[in-house]
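What the coordinates show
The lines below spell out each chain.
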Number of protein chains: 2
Amino acid sequence: MTETVRDYVAAHTHRLHADLDAWLRIPSISADPEHRADVRRSAEWAAEALRRSGFETVEVWETGNDGHPAVYAERHVGDDKPTVVVYGHHDVQPVDPLELWESPPFEPTIRGDDLYARGAVDDKGQVLFHLLGLEAALAVYGEIGVNLKVLVEGEEEIGSPNFAALLRRERERLRCDVVVVSDTGIFDKDTPSMCIGMRGMVYAQLDVYGPRVDLHSGSFGGGVPNPATELARLVAALHDDQRHVTIPGFYDRVVPLSERERELMAALPFDEAAWLDDAASTATLGEAGYSTLERVGARPTAEVNGIWGGYTGAGQKTIIPADAHAKISFRLVADQRPEEVEAAVRAWVAATLADGLRHEMTFFGGVRPCLTPLDHPAVQAATRAMEQAFGTRVLYTREGGSGPEADLAEVLEAPVVFLGVGLPDDRIHSPNEKVHLPYLAKGAEAAAYLWRELAELPR
Amino acid sequence: MTETVRDYVAAHTHRLHADLDAWLRIPSISADPEHRADVRRSAEWAAEALRRSGFETVEVWETGNDGHPAVYAERHVGDDKPTVVVYGHHDVQPVDPLELWESPPFEPTIRGDDLYARGAVDDKGQVLFHLLGLEAALAVYGEIGVNLKVLVEGEEEIGSPNFAALLRRERERLRCDVVVVSDTGIFDKDTPSMCIGMRGMVYAQLDVYGPRVDLHSGSFGGGVPNPATELARLVAALHDDQRHVTIPGFYDRVVPLSERERELMAALPFDEAAWLDDAASTATLGEAGYSTLERVGARPTAEVNGIWGGYTGAGQKTIIPADAHAKISFRLVADQRPEEVEAAVRAWVAATLADGLRHEMTFFGGVRPCLTPLDHPAVQAATRAMEQAFGTRVLYTREGGSGPEADLAEVLEAPVVFLGVGLPDDRIHSPNEKVHLPYLAKGAEAAAYLWRELAELPR
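Residues numbered from 1 in each chain as written. Chains lettered and ligands numbered in written order. Predicted model: local features only at pLDDT ≥ 70, side-chain atom pairs only at ≥ 80, totals over all residues.

Thoughts on the overall build of chain A
What counts here: Under the DSSP-based scheme used, a helix requires at least four consecutive residues in state H or I and a strand at least two consecutive residues in state E, with every element numbered from the N terminus. Radius of gyration here uses only the C-alpha atoms, and the compact-globule reference equals 2.2 Å multiplied by the residue count raised to the power 0.38. To sort residues by exposure, count the other C-beta atoms lying within 10 Å of each residue's C-beta; 20 or more gives buried, 12 or fewer gives exposed, and values between give partly exposed, all with C-beta atoms placed from the backbone. By the criterion used throughout, residues are in contact when their C-beta atoms, derived from the backbone, lie within 7 Å.
A count of helical and extended segments in chain A gives 13 helices and 18 strands. In terms of overall dimensions, chain A is globule-like: its C-alpha atoms have a radius of gyration of 25 Å, near the 23 Å expected for 459 residues. Overall, the C-alpha framework of chain A stretches about 90 × 50 × 45 Å when taken along its three principal axes. Taken across its 459 residues, chain A has 55% of its residues classed as buried. Put simply, 80% of the contacts in chain A that link residues at least 6 apart link residues at least 24 apart.

Shown next as structure tokens:
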């Protein structure tokens, strides 16, 4: 008798739960030097779990700069089969403030259908559903139709400082046709969804210099360019009245939202009041002609992250400041290129800033946006897998920021699809992080279906 | 034989020099608590000198809040005569950096025609020329035609914190028809001039609040108002493209520059390159349609004195700041009223700032501008006195900032005229402060002539 994937998963979730309980007891806080050994222990635990699940090659990978180790596992089926890299991470966020946890963060506790612990959904639970999914697929189908490579990072919660270098070093071994990222969530409990794109970024510091020293604003006020005033005028000129970014060429490479994506995005049950409450803000404001979800996910932006210059103490000091500064970041969407945006920003600032001022610009990093369009075969395959698991239509989202996903897409030159089952109220990074156990089972199911779907991927 | 004032002054400058030498040796640094007793000693020295010069009533006036004492002297001629208050100050600036002085700051040293010491021109020399002027007038004319009141402050160099209160307390005794301020200078060595107006000020701090906490600019960027961006847009909106201030009503009470004043101001040998060098700046920038001298003296302004918000450390932090702040000051010209400008600024900010932000405004103090128009009889009288002393035409200037002069004009409700003989290169507040001795003699002469001129003042 041939069991179904659903039946197999249901009959074996206790193994997923037992593994998760064991792994979550390892406090792999990457940000805390005192937990350095725990992060390594977590990597070794993951390696052992991957070996048990039938991966032939399992290695703990050291990262550069004495960073935390990643885990790599490989299961080869055939050179003629598509190859998939599954990405997740085994490090977790700090737990402060500890007193707000209803049960200790590293003593996994089930209440109702949820399991509470630091790392439950971000990201140990979502790594582990892949192991049960693989077991189910093997049990039900006999074999899966893709070569599977799993990469579990240990530094995601500290900004993946060594991840891009690791990917470049191991580019050959990580060669693949598609990347599956399991570190995200669905829109809400009733709305299964998949992220299809993440914004990139260009981050600049602008230093504006006027007089060599602070001037008395009585003697000189009104007669010379004031760096703080002129910086403010420059910042104001970043956007027009419609809140479009005014920098020439900024939008040239932006892939317009398709009518179909806009329709599907509009079908998401977005609760603007609740979102504003999350934002601790009282009003939306953004680019004319786009919804809030489009503005924060699918449109590029210019934001001031910091601004300073002149006197900032108590009371009054009547000066024209000698200098003024701003941190300005640009969120990018496909197919904007960080290096082109940087050049456009530099040219615009030089052309826009008032005469009589000197300026310098420093750019930090630069992250490419990534987008796998919803009609891409990999996205369609993942959609079918998710729809089969959840039994309902799957919608699409975009993420406003990006982490290692951009590195994966750029270095591995493969489309990225997001298979995640987190919920908006899972409290990632906060006290009482949890995972909804029935959705971990859905994740395992979806993973099992996905390998069948991806086996048909045009290569 | 009737001597001339000039001859008398020339024959007795040694007394002025000897007095000045003695007074300058008292280090009356009001900013330094260690020199507290010296400031008092300086007041007592001045009181004694005023007594010697024939003032009937001489008093050391205590100020409020345990401040430094002022000196008051009165010489009454007749109830039917106009009354003049002469204002100066006996405290001096600190002397750091001491190593840059070519001779010790409190050991007056004559080199060429200049006497070097802290306080030489600011303001002890300019107080003392009045005493020689009075002696000369009495010697040559037998009597002067005005009642003379002298007020020598001890806290001018620390911002006159108790001066307005002192004026209010002694308003009755200080009742007068005109105030003569001797604490300024002339345009340059070859261009005798008189200041006729000083700008006032309104100083505001603006606090803008957006989200309750810093937000992740990836998740929320482009969707909610950013306090730093919106503050910058507000600051930018302070001026239009012509650099006029845009706040409704701001210019309503501004007394336009007369054609005659503009012509006379244009006749000043203003060296813009040298002025820019002083400003340590490389370009002028200001209100269209006005010269630099007009912009910094006779036109109101809006200047950012400080701005801050969000992340200001090294590298990048991707936040939408929860708040942003600016210090913004407005220089006022006659007849703008600080309280009206404050109300206009408050209304404009409330109407201009983007929705979804909360803001607070705090105003510090508020100084009235003062202006005695050049056709005012007191200005004309002082002009004739200066022209007689210098033997050449006298031009007019405006000062961009103001100190106790605004208090004098406002509390005493009298026109203020400026009789000063400092030079632009006298290095007030800097090492090697000096006074040009021949011009102290011109000051004494002009003072003697002034009492005759003011005797004719319509009352």
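And the narrative resumes.
Regarding the interface of chain A and chain B
How big an interface is tends to be stated in terms of accessible area lost as the parts join. Note the following rule: Paired strands, as defined in this entry, are two strands with at least two bridges between them according to DSSP.
Of the residues lining the interface, 65 residues belong to chain A; the matching set on chain B comes to 65 residues. Breaking the side of chain A that touches chain B down by element, the ones donating at least two residues are strand 10 (215–216), helix 5 (217–220), helix 6 (227–237), helix 9 (292–297), strand 11 (301–310), strand 12 (319–320) and strand 13 (323–332) of chain A. Across 5 bridges, the pairing between strand 11 of chain A and strand 11 (residues 301–310) of chain B is antiparallel. Looking at strand 11 of chain B, one finds that A:Gly309 is bridged to B:Ile307.

Concerning the domain arrangement of chain A
Residue and element names in this part refer to chain A. Applied cut-off: All domain edges in this entry derive from an automatic or database-based domain assignment. Under the scheme applied, nonpolar residues are Ala, Val, Leu, Ile, Met, Phe, Trp, Tyr, Cys and Pro; charged residues are Asp, Glu, Lys and Arg; polar residues are all the others, including Gly.
When cut into domains, chain A gives domain 1 (5–198 + 369–455) and domain 2 (200–254 + 300–367). Each of domain 1 and domain 2 has a C-alpha centre, and these two points are 40 Å apart. On the side of domain 2, 7 residues touch domain 1, which itself brings 7 residues to the contact. Looking at the side of domain 1 that touches domain 2, its residues break down into 4 nonpolar, 3 polar and no charged.

Digging into the sheet that holds strand 16 (residues 395–399) of chain B
All names here are of chain B. The 3 strands lie next to each other as 15-8-16, forming an open sheet whose pairing is mixed. The sheet is open, and its two borders are formed by strand 15 (370–371) and strand 16, each paired with just one other strand. In the sheet, strand 8 (residues 193–198) pairs with strand 16 via 5 bridges, with the strands oriented parallel. Residue Ser193 lies in a different strand from strand 16, and its bridge partner there is Leu395.

Quick notes on the relation of the copies chain A and chain B
Going by this rule: Copy-to-copy superposition: least squares on the C-alpha atoms, limited to residues that have pLDDT of at least 70 in both copies.
When chain A is brought onto chain B, the operation consists of a screw motion whose angular component is 180 degrees and whose axial shift is 0.0 Å, with 0.1 Å RMSD remaining. Viewed as a symmetry operation, the transformation between the two copies matches a two-fold axis. Both copies contact each other with a shared surface, as 100% of the interface residues of chain A are interface residues in chain B too.

Comments concerning the pairing of strand 3 (residues 83–89) of chain B
Residue and element names in this part refer to chain B. With 7 of its 7 residues buried, strand 3 lies for the most part within the structure. Here strand 3 shows two buried faces, one formed by Thr83, Val85, Tyr87 and His89 and the other by Val84, Val86 and Gly88. Two strands pair when backbone bridges link them, and strand 3 and strand 6 (residues 147–153) are joined in this way by 7 bridges, in the parallel orientation. Each residue of the ladder has a partner; that of Val84, found in strand 6, is Leu148. The pairing of strand 3 with strand 7 (residues 178–181) spans 4 bridges and is classified as parallel. Each bridged residue has a counterpart across the sheet, and for Tyr87 the counterpart in strand 7 is Val181.

Thoughts on the environment of A:Arg299
Structurally, the position occupied by A:Arg299 is in the loop between helix 9 and strand 11. The residues touching A:Arg299, leaving out its near neighbours within four places in the chain, are A:Glu287, A:Tyr290, A:Glu294, A:Val333 and B:Gly222.

A few points about the nonpolar core
Applicable threshold: Throughout this description, the term nonpolar core refers to a group of buried Ala, Val, Leu, Ile, Met, Phe, Trp, Tyr and Cys residues whose C-beta atoms join them within 7 Å.
Grouped together as the largest cluster of nonpolar side chains are 267 residues, with contacts concentrated most on A:Val179 and B:Val179. Look past the residues within four positions of A:Val179 in its chain and what remains in contact with it is A:Val85, A:Tyr87, A:Leu408, A:Ala409, A:Leu412, A:Ala414 and A:Val416.

Observations concerning helix 12 (residues 404–412) of chain B
All names here are of chain B. In terms of residue burial, helix 12 counts as a mostly covered element, since 7 of its 9 residues are buried. Along helix 12, the positions that sit buried rather than exposed are Pro404, Glu405, Ala406, Asp407, Leu408, Ala409 and Leu412. Phi turns positive one or two residues past the end of helix 12, at Glu413, with a value near 50 degrees.

A look at the packing of helix 1 (residues 5–24) of chain A against helix 13 (residues 437–455) of chain A
Two numbers describe a pair of packed helices, the interaxial angle and the distance between the axes. Residue and element names in this part refer to chain A. For clarity, the threshold we go by: All axes here are fitted lines through C-alpha atoms, helices being fitted over the stretch that makes contact, and every angle between N-to-C directions spans 0 to 180 degrees. Oblique is the label for every angle not falling under 35 degrees (roughly parallel), over 145 degrees (roughly antiparallel), or within 65 to 115 degrees (roughly perpendicular). In this scheme, a crossing is called left-handed if the near helix is turned counterclockwise away from the far one by less than a right angle; it is called right-handed if the turn is clockwise.
Two numbers describe how helix 1 lies on helix 13: the axes approach to 10 Å, and their chain directions differ by 130 degrees. Compared by their axis directions, helix 1 and helix 13 come out oblique. Pair helix 1 / helix 13 crosses with right-handed handedness. On helix 13, the residues touching Val5, Arg6, Val9, Ala10, Thr13 and Leu16 of helix 1 are Leu440, Ala441, Ala444, Glu445, Ala448 and Tyr449.

Examining the pairing of strand 7 (residues 178–181) of chain A
Residue and element names in this part refer to chain A. Residues Val178 and Val180 line one face of strand 7 and the alternating positions Val179 and Val181 line the opposite face, and both faces are buried. Where strand 7 and strand 17 (residues 416–418) come together, 3 bridges link them in parallel fashion. When the bridges of strand 17 are listed, Val181 appears paired with Phe418.

Some details on the confidence of the model for chain A
Keep this limit in mind: Per-residue confidence from the prediction method is given by pLDDT, with values spanning 0 to 100.
Summary statistics for chain A give a mean pLDDT of 95 and a share of 100% for residues scoring 70 or more. Two numbers describe this predicted complex: its pTM, 0.89, and its ipTM, 0.89.

Some remarks on the sheet that holds strand 1 (residues 57–61) of chain A
Residue and element names in this part refer to chain A. Spatially, 1-2-6-3-7-17 is the arrangement adopted by the 6 strands of the open sheet, whose pairing is mixed. Pairing within the sheet leaves two strands with one partner each, and these edge strands are strand 1 and strand 17. Between one strand axis and the next, the sheet turns by 20 degrees as a mean value, whatever way the strands run.

Here we look at the environment of A:Leu151
As for its position among the elements, A:Leu151 is in strand 6 (residues 147–153). Sequence spacing of A:Leu151 and A:Val71 is 80 residues, and the spatial spacing of their C-alpha atoms is 5.8 Å.

Some points on helix 2 (residues 36–52) of chain A
Let me state the cut-off plainly: Take the residue count of a helix, subtract one, and multiply by 1.5 Å to get its expected span.
For helix 2 of chain A, built from 17 residues, the straight-helix expectation of 24 Å at 1.5 Å per residue is met to within 8% by its first-to-last C-alpha distance of 25 Å. Considered for burial, the residues of helix 2 of chain A that qualify are A:Asp38, A:Val39, A:Ser42, A:Ala43, A:Ala46, A:Ala47, A:Ala49 and A:Leu50.

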